[in-house]
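Each chain is listed here by its residues.
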Amino acid sequence: MTAQAGTGRTNQKQRTRMAIVAAARELIGTGAEVTMPAIARAALVSEATAYRYFPDLPSLISEALAGVWPPPAEALAPVADSSDPVERVAFACEFLLRGIHARQGSVRAMIAATITRPETVTTRPGIRFGLIDHALLPLEGTLGATDPDVFAQLKRDLAVVVSAEAFFTLTDLCGLAPDEAIASAVRTATTLTEAAVRSIA
């Protein structure tokens, strides 16, 4: 094999991989169900080819989502000047859940995959944790310093509420419309944060 042929084959593989990722990203953006066959069709490759580049759907979704979610500081920029953890948590909760609603097909696929194959959980983006940590920065020097156990518990409590699982419970099982579900989760998140703030006093 000539060097030129080898380079050509490498470039073709790179183009194929990029096409698969681009197709996944486009499908994710629609909010529709995300499956490997649907991505392969959109990328104009066979399903077998898609699996040669990505061993499973979570790994492909993870790569497609890379850079789609902004870092926590950027996401919370509208409340950057606020020192009120309740306001910041409310914003973080709504920001995350609206993003989940917009990309729910991929989020559902990731949750399903990590439930049936727990060993793949590390491929699932932990966006909520960065948002919660950033939202609670005003409490670092107060509650975080005086009662780190309570502070850690607040973060765990919020991780249950500021989550895709909470959103889908409210929409799928409780029958709420997306906006109602988001408002309900925000109320719960702010109630938890308000209680923690009161404990400082």
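Reading guide: rules and limits
- Residues numbered from 1 in each chain as written.
- Predicted model: local features only at pLDDT ≥ 70, side-chain atom pairs only at ≥ 80, totals over all residues.
- Heavy atoms only, no water.
- Helix = DSSP H or I, 4+ residues; strand = E, 2+ residues; numbered from the N terminus.
- Buried < 20%, exposed > 50% of the residue type's maximum accessible area, 1.4 Å probe, protein only.
- Areas by Shrake-Rupley, 256 points an atom, 1.4 Å probe, with all protein chains shown as cover.
- Lys, Arg positive; Asp, Glu negative; His and termini not counted.
- Charge placed at Lys NZ, Arg CZ, Asp CG, Glu CD.
- Axes fitted to C-alpha atoms, helices over the stretch in contact; angles between N-to-C directions.
- Parallel < 35°, antiparallel > 145°, perpendicular 65-115°, else oblique.
- Left-handed = near helix turned anticlockwise from the far one by under 90°.
- Contact = heavy atoms within 4.5 Å.
- Nonpolar A, V, L, I, M, F, W, Y, C, P; charged D, E, K, R; others polar.
- Phe/Tyr/Trp six-rings, centres within 6.5 Å; stacked < 30°, edge-to-face > 60°.
- Lys NZ or Arg CZ within 6 Å of the ring centre and 35° of its normal.
- UniProt positions renumbered as here; feature names shortened; annotations may be inferred.
- Salt bridge = Lys/Arg side-chain N within 4 Å of Asp/Glu carboxyl O.
- pLDDT = per-residue confidence, 0-100.
- Expected span 1.5 Å × (residues − 1).

**Q** Could you give an account of the overall build of the chain, with specific residues and numbers?
**A** When helices and strands are tallied, the chain shows 12 helices and 0 strands. Put simply, the chain runs from its N terminus to its C terminus through helices and strands in the order α-α-α-α-α-α-α-α-α-α-α-α. Referenced to the eigenvectors of the C-alpha coordinate spread, the extents of the chain come out at roughly 75 × 40 × 30 Å. Burial status across the chain gives 41% buried among its 201 residues. Surface exposure of the chain reaches about 10,600 Å², of which carbon and sulfur atoms provide 58%. Put simply, the chain has 18 plus and 21 minus side-chain charges, and the middle of one group is 11 Å from the middle of the other.

**Q** Before we move on, can you summarise the packing of helix α6 (residues 85-102) against helix α8 (residues 127-135) with the specific residues and values?
**A** Two packed helices can be described by the angle between their axes and the distance between those axes. Contact geometry of α6 with α8 gives a least axis separation of 9 Å together with a crossing angle of 160°. As the angle between them shows, α6 and α8 are arranged roughly antiparallel. As for how α6 packs across α8, the hand of that crossing is right-handed. When α6 is examined against α8, the residues Pro-85, Arg-88, Val-89, Ala-92, Phe-95 and Leu-96 are found in contact with a partner set consisting of Ile-127, Arg-128, Leu-131, His-134 and Ala-135. Per-class residue counts for the contact of α6 with α8 are 8 nonpolar, 1 polar and 2 charged.

**Q** I'd like to hear about the environment of Pro-118, residue by residue, with values.
**A** Relative to the helices and strands, Pro-118 is located in the loop between α7 (104-116) and α8. C-alpha separation for the pair Pro-118 and Cys-174, spaced 56 residues apart in sequence, amounts to 26 Å.

**Q** So what's going on with the packing of aromatic side chains? Residues and values would help.
**A** Evaluation of the coordinates by the stated rule reveals 2 aromatic pairs. Plain terms: the ring middles of Trp-69 and Phe-95 are 6.1 Å apart, the flat faces sit at 70° to each other, and that makes the pair edge-to-face. In this pair, Trp-69 is assigned in the loop between α4 (57-65) and α5 (72-75) and Phe-95 in helix α6, connecting sequence segments 26 residues apart. When the ring centre of Trp-69 is taken as origin, the NZ or CZ atom of Arg-103, which lies over that ring, is 4.3 Å away. Residue placement shows Arg-108 over the ring face of Phe-168; its charged tip is 4.0 Å from the ring centre.

**Q** Go over the UniProt feature "domain: HTH tetR-type" (unreviewed entry) in the chain, please, and point to the residues and values.
**A** Sequence positions flagged by UniProt for "domain: HTH tetR-type" (unreviewed entry) are, in local numbering, residues 20-56. Here residues 20-56 is 70% helix and 0% strand, with 13 Å between the C-alpha atoms at its ends.

**Q** Tell me about the side chain of Arg-103, and please be specific about residues and values.
**A** Tracing the backbone through its elements, the reader meets Arg-103 in the loop between α6 and α7. Within the buried core, Arg-103 has no salt-bridge partner, and the shortest N-O distance to an opposite charge, that of Glu-74, equals 10 Å.

**Q** Go over the packing of α6 against helix α11 (residues 164-173) with me, naming the residues and quoting the values.
**A** α11 packs onto α6 with a crossing angle of 65° between their chain directions and a minimal axis gap of 10 Å. Considering their axes alone, α6 and α11 lie roughly perpendicular with respect to each other. Both α6 and α11 take part in a crossing whose hand is right-handed. On α11, the residues that touch Leu-97, Ile-100 and His-101 of α6 are Ala-164, Phe-167 and Phe-168. A per-class count over the contact of α6 with α11 returns 5 nonpolar, 1 polar and no charged.

**Q** Can you explain α4? Please cite residues and give values.
**A** Of all 9 residues making up α4, 7 are buried, and the element is well covered by its neighbours. Among the residues making up α4, those that are buried are Leu-57, Pro-58, Ser-59, Leu-60, Ile-61, Ala-64 and Leu-65. A positive phi of about 85° marks Gly-67, the residue just after α4.

**Q** Hey, could you go over the confidence of the model for the chain for me, with residue numbers and the actual values?
**A** Of the residues in the chain, 94% reach a pLDDT of 70 or more, and the chain-wide mean stands at 90. Averaged pLDDT values for the elements of the chain fall to 84 in helix α1 (residues 3-30) and rise to 97 in α6.

**Q** Give a description of α7 that names residues and reports values.
**A** Its 13 residues place the ends of α7 18 Å apart at the C-alpha level, agreeing with the 18 Å of an ideal helix rising 1.5 Å per residue. Along α7, the residues classified as buried are Gln-104, Gly-105, Ser-106, Val-107, Ala-109, Met-110, Ile-111, Ala-113 and Thr-114.

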